[in-house]
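Observations on the three-dimensional arrangement
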Amino acid sequence: MKVLPPFRYISVLENATGLDPAIDKVKSVVVGLLHPRWLEDILHGVPIGHPLHPVAVLVPVGAWTSAAVLDLVPGTEKSARLLVGTGILSALPSAAAGWADWSRLHKQQQRVGLVHAATNITGVVLYSAAFVQRSRGKILSGKVLSFAGFAAVMTGGVLGGHLSFRQASGANHAEDVPHRIEPGWHDVGTVADIPLGRLTKRMVGDEPVVLLRSGDDIHALSNTCSHLSGPLDEGELIDGDDPCVTCPWHASMFSMTTGDVVHGPATSPQPRFETRVSNGRLELRLPTTGQI
């Protein structure tokens, strides 16, 4: 089955370089507002283990969808106005989470994301005008503006789906690691060749792994950042009781000892390998591998 024409050309936005000047300006504003770091982590969804934006957006979209249904039923004007207002208010935290995620994406994703945001902003403006009209007793124009806002928000939803599923923003980019490695222990070389106190990369089959040798301990994580596949071995090592690695692409931070997310934008932990030394050689094993 062929893709319908209106949807076929969404991917054109990915290479619309004319959007880049606006992206750079908006990004500088958004990044400047994302302080302190704990606030950014909350907006990314680090505490819940996956992006917050898709969860938060359910409230305004649900409210506006319900309002659209009620607008087709006589005598429900008061309830519809309440739902329109609920959608407007709940759109604010959803937008904040969306902008936080957008600021840490690749340029092609940001181009689609900027248009996604613009259509949703249009929807909020139309719904706000609809709420004013409804409050003035001008129900017909309020309904027309609401349906126009609903169309804008649905268009934004299509673009958001393209971002999530075609461009994989917000997806766990290390999810496939356990399915690409054979079960059991894998020899990755002599311990003596692994430098002390520095990040280094080794291969387990075709899968890159980042290592940290600290005293008698050796820590190993998948080298592919779960956020957007950045190479962790090229990142910054934050030393301490719980050493961490910062992704060089979008500054996600992970514990080298557990693989847990310390700071976003990543929300999924890094696959962590078990280590052992046999006859002076380092061997790695991923406990969850082979579970297809």
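Here the structure is shown first, and the text comes after it.
First, a word on scope: everything that follows refers to the structure included in this document.

What counts, and at which threshold
Residues numbered from 1 in each chain as written. Predicted model: local features only at pLDDT ≥ 70, side-chain atom pairs only at ≥ 80, totals over all residues. Heavy atoms only, no water. 1 Å grid on protein atoms, 1.4 Å probe; cavity = no way out; pocket = protein on both sides within 12 Å on 5 of 7 lines; lining within 4 Å. Points joined across faces, edges and corners; volume = space filled by probe spheres on them. Helix = DSSP H or I, 4+ residues; strand = E, 2+ residues; numbered from the N terminus. Nonpolar A, V, L, I, M, F, W, Y, C, P; charged D, E, K, R; others polar. Polar contact = N/O pair within 3.5 Å; in protein donor to acceptor, adjacent residues only side chain to side chain. Contact = heavy atoms within 4.5 Å. Pairing = 2+ DSSP bridges.

**Examining the layout of surface pockets**
- Counted as a void, the largest pocket has a volume near 1000 Å³.
- Along its surface, the largest pocket is lined by 44 residues, and His-53, Val-57, Gly-98, His-116 and Asn-120 are the ones closest to its centre.
- Elements that contribute at least two residues to the lining of the largest pocket include exactly α4 (53-56), α5 (58-70), α6 (77-102), α7 (107-135) and α8 (139-166).
- Broken down by element, the residue count for the lining of the largest pocket peaks at nine residues, all from α6.
- Considered class by class, the residues forming the lining of the largest pocket number 24 nonpolar, 19 polar and one charged.

**Focus on the side chain of Asp-101**
- Tracing the backbone shows Asp-101 in helix α6.
- One polar contact links Asp-101 to His-44, side chain to side chain, over a distance of 2.8 Å.
- Other than its neighbours up to four places away in sequence, Asp-101 contacts Leu-43, His-44, Pro-51 and His-53.

**Focus: the pairing of strand β2 (residues 199-204)**
- Here six bridges tie β2 to strand β3 (residues 207-214), and the two strands are oriented antiparallel to one another. Each residue of the ladder has a partner; that of Thr-200, found in β3, is Leu-211.
- Once β2 ends, the chain turns through two residues before running back antiparallel as β3, passing Gly-205 with a positive phi of about 65°.

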